[in-house]
Amino acid sequence: MNSSKKLGLLLITPAAIVVVMLFLVPVVLTAVFAFTNMSTSTGISGGAYQISPNALQELRDHYDMPSVAERLSQSGFAVDEPGLAALGKAGIDADIVTELRGHIGETFAARRDAERAIRNLNHRPSLREVKQISDQFNRSIMNARYDSKAALLAAVASVMPNLSGAEHQAIIAASYTGWTWTTGNFRRMASIPGTQRSLVNTMVYVAFTLTLFNIGFAMVLAITTFYMPSRAAGFFRGVWLLPRISPPVIYVLLWKWLAWDTGFLSVFLGRFGIHSRNWMLDSGTNAWVFVVLINGFVGASMGMLIFSSALQAIPRPLLYASEVDGASRWQQIWHIIMPQLRWPILFVTCYQTLSLLTSFDLILLSTNGGPGGSTEVWALATYHTALNNYAGNLEYGYGAAMALVLVVVGVFLSLAYLRLFNYRDLVAKPLIEH
Amino acid sequence: MTSNFRAWPVVLALSIVSAPLVLMYVYLLVDTVTSTAPGSLIPYEFTLRHWTFLWTPVPGRPDIWRVALNTLVFATASSAIVLSLSSTAGYVLSRLNVPFRRFFLAGVMVLHAFPSVTLIVAIFLVLQMVGLYNSLAGVILVKAALDMPLGIWIMKGFYDTVPWEIEMAGIQDGASRFTVWRRLVLPQVRPALLALGLFAFLSGWSEFILPQVLAPDNRVQVLSVYLAGLIADDNNFDMALFKSVGVFYVVPVILLFLFFQKHLMNIYGGGTKG
Amino acid sequence: MRILLDGFTKSFGPMTVIDKMTLEIRDGEMLALLGPSGCGKSTTLFAICGIHKISAGRILFGDRDVTNVASQQRNVGVVFQSYALYPHMTVAENIAFPLEVKKLKAAEIKRQVDQMAELVHIEELMKRRPAELSGGQQQRVALARALVRKPDVLLLDEPLANLDSKLRLEMRSEIRRLQLATGITAILVTHDQVEAMSMCDRIAIMNAGEIVQIATPGEMYRNPRTEFVAGFLGNPPIAFLHGVATSGGFASVGGEAIALPASVPLPPPGSKLTLGIRPEHFGPTGNIPIRGRISFIETQGRENLYDVTLPSGSMLRSIQPLRGDVALNEEIEWSIAGDRILVFDEHGTRL
Ligand SMILES: Nc1ncnc2c1ncn2[C@@H]1O[C@H](COP(=O)(O)OP(=O)(O)O)[C@@H](O)[C@H]1O
Ligand SMILES: [Mg+2]
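The shown structure was predicted, so the numbers you read here are calculated from the model rather than taken from an experiment.

**So, unusual backbone geometry**
Residue and element names in this part refer to chain C.
1) Next: At the junction of N235 and P236, the peptide bond is cis and its omega measures out at -5° in the coordinates.
2) Next: Even without being glycine, A208 reaches a positive phi, approximately 45°.
3) Next: Mapped onto the secondary structure, A208 falls in the loop between β9 (202–207) and β10 (210–215).

Here it is in structure tokens:
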């Protein structure tokens with residue numbers, strides 16, 4: 001191996017490791033997580049075993065074992081030898097213990113029933129004693145958490161010693177609180193109406209923002225500043241770059257100030273007798289207008305810069321010649337300027353489609369998908385599902401499944417992007433061969 | 001442009017279209033140092049009241065200076081990582097004969113276009129698993145990684161413009177490839193390093209989603225998360241306070257941009273996200 | 001140091017640019033690699049200095065086989081067409097760089113750099129940066145940097161191409177002076193025959209990846225081995241007449257018959273032939289008279305160049321001291337110096 005190869009591998013390794021760890025691994029893991037039911041309640045590491053009401057429900061409905069479920073649920077309080085022995089040690093009056101021995105074998109479904117029976121003993125134990133005694137007879141396995149299958153099965157065996165293997169497995173599966181593998185996320189995605197809604201929203205969002213602003217208005221900006229004296233052009237380009245360089249949180253704050261019910265629009269229009277209201281969130285249509293404006297104002301600047309530099313490349317004599325030939329400004333724009341923009345438009349379209357499809361920070365900060373989910377795009381829905389919602393139950397698995405859709409789209413489109421742009425030119429072989 | 005066309009109608013038209021934007025930014029500044037009566041648009045007094053958050057923390061929020069420091073650390077560290085990894089990897093892809101070079105190049109190009117925010121769910125879970133959730137280190141690493149393909153791409157572009165003869169001459173002068181890179185090539189791309197460093201810094205300074213998702217805790221909060229939290233808190237609606245914090249947050253950005261506009265334009269025009 | 005390319009072959013992917021070239025450069029000589037653009041001169045140069053790996057063959061420096069030795073270890077000085085000065089370093093730093101990588105002591109570096117600067121006459125430029133130098137000054141700095149590490153070989157890739165014509169003249173003699181002063185073995189790559197002829201001990205003329213002829217400039221001019229060489233050397237260029245062999249002579253396509261000296265071994269009558277006639281061998285004196293019409297006169301100062309169109313439409317050139325007695329479109333009868341005619345067969349090989 002020659003020195004350039006060695007140095008090359010050395011220099012590229014850190015970057016390669018980072019790419020693998022934070023791109024490749026997450027892509028793969030997105031796919032992996034998409035096939036789990038991870039959520040806040042299952043946790044993301046392993047789980048425990050707990051005979052919860054849910055678990056019983058599942059035993060009844062899913063495993064068709066109503067009698068087992070019934071028995072587990074009634075595994076309440078039992079007067080038995082081990083309990084009596086423990087009472088002796090705990091220093092309970094021997095007479096009470098003796099009297100209880102007469103009740104051996106009795107069971108109670110709930111603590112309440114057990115304690116009533118104890119209170120009614122002839123020896124009338126004190127309240128503290130009643131509590132102590134009932135504790136010793138507590139044989140309930142309802143809602144207790146067991147860290148291992150063995151612990152769970154031991155506890156179950158103390159209630160129902162003669163269960164079959166299949167019944168054990170069913171109990172284990174039903175009481176497991178951790179996450180499990182499933183394809184349910186995709187079935188659910190295909191069936192719920194929210195899916196279609198966020199898909200439509202995403203398309204509306206991308207189509208309007210892209211055509212109106214990222215391409216359309218960007219072109220207007222590039223062409224108008226092209227025709228201006230250079231100082232004015234510089235000023236306007238600077239102004240339209242502000243949204244891009246401002247951190248999104250502040251940028252959106254400015255829009256909120258404009259639109260909120262005590263904001264600029266309300267106050268200003270109030271002068272003309274129009275009721276103050278939250279212009280951004282009072283109707284779905286308004287929300288969309290703002291979402292497109294907010295994203296569009298940011299998006300326009302990229303196109304503006306790219307188109308402007310394409311226009312700067314037009315040979316001046318061509319323009320002078322066309323003016324000498326008597327071309328109107330429109331004709332000049334149509335015949336000389338537009339053809340120059342064909343390639344940049346394709347570039348911006350590709351690039352921005354991808355980033356619009358997946359970006360959601362501005363929507364999150366402005367409408368947060370509202371009102372009533374009318375501006376909830378796919379990426380934002382993913383965020384709400386997996387990372388942040390009011391209900392507090394974050395469904396990582398389902399969120400990953402939604403993200404997987406975007407990842408797949410992203411991979412395909414960015415591969416297409418690779419094909420579209422002259423990759424070949426970029427890989428010219430190094431001229432120094434050693 | 002050419003004098004055969006009058007410029008003023010265009011200037012006028014664009015002025016009208018740009019007015020809302022200018023208005024928003026002007027009011028951003030004005031509202032932080034004045035008071036305005038409800039229902040009015042004209043301030044009636046000058047005041048520094050809205051800036052008290054600088055010395056008295058807003059109830060229930062961390063100290064602003066602590067948050068600013070976190071932001072600075074976050075932005076500086078992630079841009080330093082982006083810079084060092086991109087300047088080495090970009091050079092390799094531009095100039096060195098490594099195995100799988102085409103594969104690396106295609107990979108970087110795809111990643112450059114790939115919308116990395118889609119990976120956030122997986123990254124969130126990974127950070128939880130490895131214990132880097134709610135730590136600056138974790139979110140710095142993620143931010144640097146996500147900005148890196150763009151960085152490599154830009155650096156490769158700049159290295160491509162350095163004449164091969166310079167490197168050939170260096171080799172003939174007896175220098176190793178590493179020395180050639182360090183002493184001869186790297187100095188030629190200094191403007192690119194400056195631009196990329198600034199860009200990565202600003203990008204880190206502005207970042208919201210990553211710290212919001214990966215490090216929301218008060219201890220490690222950055223300005224974007226702090227301000228978003230302030231705004232989202234329905235019990236404490238104080239637009240002037242939001243704006244003052246906003247100005248505090250945005251001023252470094254605007255200053256850097258004004259000073260280094262020429263350098264940054266290269267990158268903003270060349271295919272950043274958004 | 002003697003340099004030998006032995007069966008040197010270079011391919012880029014499927015395309016073989018140079019196929020089994022063998023070339024020897026003698027110790028201390030300056031050899032020109034002359035040929036049209038794209039013929040593989042730079043490729044040869046890059047192989048010698050180690051920037052390219054060669055596809056087959058060997059490269060020897062003296063007795064040392066350097067075929068697989070890295071550039072850094074070959075001790076070759078190169079001056080690039082663009083000079084490739086390091087723009088961020090001053091002239092002094094540029095020249096010192098090769099010594100710095102050798103890790104010499106600072107005082108020693110300074111001594112050698114100053115010595116070099118004196119040799120190439122740039123003492124007063126040492127603090128400037130390359131951008132503040134004229135083309136000729138940059139060239140001198142590049143030479144100094146290439147020579148400072150006392151290389152075994154000096155390679156110059158089109159060193160004069162970026163200079164204006166006056167500077168070019170100056171640097172031509174300057175480079176030769178330095179080469180002679182240091183006694184270094186040097187290879188000059190150029191597509192300009194005047195440079196090659198005026199600066200070098202020998203010329204290797206290349207075409208399409210092959211060395212067509214190696215000889216001293218005078219020998220090559222008088223005695224070219226092929227039509228290509230004859231056409232490449234000489235300014236104003238040689239004129240060619242195409243035709244066929246007759247018994248004892250040559251008949252041009254248009255019908256002019258020219259008797260050839262008996263020393264030329266002629267092919268059977270009817271074979272295709274080309275005659276090469278240099279401008280200085282066609283004029284008022286000579287032994288083969290030929291009629292024609294003056295179709296163009298180019299004044300070169302001391303001399304005039306006349307284009308003479310023959311009745312058949314072919315053209316000959318004549319260079320003569322200034323004379324006022326011929327005018328454009330005048331019919332003349334001038335003569336060719338028969339013993340100087342160069343005769344080539346249909347493959348362009350000299351007969
Ligand atoms: N790195 C390369 N890859 C492919 N072909 C090359 C490369 N370098 C040179 N060539 C080809 O080799 C031939 C000779 O090139 P070169 O040696 O540069 O010619 P010149 O005599 O003008 O210096 C040309 O046809 C050129 O296109
Ligand atoms: Mg060349």
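**Points about the site of ligand 1**
1) Next: As a matter of local geometry, ligand 1 sits amid L431(A), F12(C), M15(C), V17(C), S37(C), G38(C), C39(C), G40(C), K41(C), S42(C) and T43(C).
2) Next: One of the backbone nitrogen or oxygen atoms of C39(C) is found 3.3 Å away from an oxygen atom of ligand 1.
3) Next: Protein chains shield 62% of the accessible area of ligand 1, which is 560 Å² for the free molecule.
4) Next: Looking at the shell around ligand 1, the elements that each hand over two or more residues are β2 (15–25) and α1 (41–49) of chain C.

**Focus on the packing of aromatic side chains**
1) Next: For the structure shown, the criterion picks out 33 aromatic pairs over all chains.
2) Next: On the numbers, 6.1 Å between centres and 35° between planes, the contact of Y91(B) with W181(B) is tilted. With a gap of 90 residues between them, Y91(B) in helix α2 (residues 64–95) and W181(B) in helix α7 (residues 177–185) connect regions that are remote in the sequence. Assigned by exposure class, Y91(B) and W181(B) land together as buried.
3) Next: Relative to W334(C), the ring of Y306(C) lies with its centre 5.5 Å away and its plane at 70°, an arrangement referred to as edge-to-face. With Y306(C) in strand β17 (residues 303–309) and W334(C) in strand β19 (residues 331–336), this residue pair connects regions lying 28 residues apart in the sequence. Taken individually, Y306(C) and W334(C) each receive the classification buried, so the pair is uniform in this respect.
4) Next: These aromatic residues form a ring-pair network of at least three members: F213(A), F217(A), W240(A), Y251(A), W255(A), F290(A) and F297(A).
5) Next: A cation sits over an aromatic face here: R188(A) above Y398(A), 3.8 Å from the ring centre.

**Points about the environment of P216(B)**
Residues and elements named next belong to chain B.
1) Next: Among the structural elements, P216 can be located in the loop between α9 (209–214) and α10 (223–232).
2) Next: Overall, P216 belongs to the partly exposed group, its relative accessible area being 29%.
3) Next: Put simply, P216 and A19 are 197 residues apart on the chain and 36 Å apart in space, counted from C-alpha to C-alpha.
4) Next: Excluding anything up to four places from it in sequence, P216 contacts Y133, N134, P211 and Q221.

**Things to note about the interface of chain A and chain C**
1) Next: Counting from both sides, the interface comprises five residues of chain A and, opposite them, eight residues of chain C.
2) Next: Carbon and sulfur atoms make up 47% of the surface buried where chain A meets chain C, a total of about 580 Å² over both sides.
3) Next: Seen at the junction of chain A and chain C, the total is zero salt bridges.
4) Next: Applying the counting rule to chain A against chain C returns zero residue pairs in polar contact (both at pLDDT 80 or more).

**A look at the domain arrangement of chain B**
All names here are of chain B.
1) Next: Annotation of chain B at the domain level lists domain 1 (2–52) and domain 2 (61–268).
2) Next: If you look at the interface, domain 1 gives seven residues, while domain 2 gives six residues.
3) Next: Where domain 1 abuts domain 2, roughly 680 Å² becomes buried across the two surfaces, and 75% of that area is made up of carbon and sulfur atoms.
4) Next: When residues of domain 1 are sorted by the area they lose upon contact with domain 2, L28, H50 and W51 head the list and together hold 63% of the total.
5) Next: D31 is paired through a salt bridge with K243; the nearest N and O atoms lie 2.9 Å apart.
6) Next: Inspection of the domain 1/domain 2 interface yields two residue pairs in polar contact (both at pLDDT 80 or more).

**Things to note about the sheet that holds strand β8 (residues 185–190) of chain C**
All names here are of chain C.
1) Next: Across the sheet, which stays open at both edges, the six strands sit in the order β6-β7-β8-β3-β9-β10 with mixed pairing between neighbours. Taken across any chain shown, the strands that pair with only one partner, and hence form the sheet edges, are β6 (76–79) and β10. Neighbour to neighbour, the strand axes of the sheet diverge by 20° on average, direction disregarded.
2) Next: Sheet topology places strand β3 (residues 30–34) next to β8; five bridges connect them, and they run parallel. Within the sheet, the bridge partner assigned to L34 lies in β8 and is T190.

Conventions we followed
Residues numbered from 1 in each chain as written. Chains lettered and ligands numbered in written order. Predicted model: local features only at pLDDT ≥ 70, side-chain atom pairs only at ≥ 80, totals over all residues. Heavy atoms only, no water. Helix = DSSP H or I, 4+ residues; strand = E, 2+ residues; numbered from the N terminus. Near = heavy atom within 4 Å. Polar contact = N/O pair within 3.5 Å; in protein donor to acceptor, adjacent residues only side chain to side chain. Areas by Shrake-Rupley, 256 points an atom, 1.4 Å probe, with all protein chains shown as cover. Phe/Tyr/Trp six-rings, centres within 6.5 Å; stacked < 30°, edge-to-face > 60°. Buried < 20%, exposed > 50% of the residue type's maximum accessible area, 1.4 Å probe, protein only. Lys NZ or Arg CZ within 6 Å of the ring centre and 35° of its normal. Contact = heavy atoms within 4.5 Å. Buried area = accessible area lost by both parts, 1.4 Å probe. Salt bridge = Lys/Arg side-chain N within 4 Å of Asp/Glu carboxyl O. Domains from an automatic or database assignment. Pairing = 2+ DSSP bridges. Axes fitted to C-alpha atoms, helices over the stretch in contact; angles between N-to-C directions.

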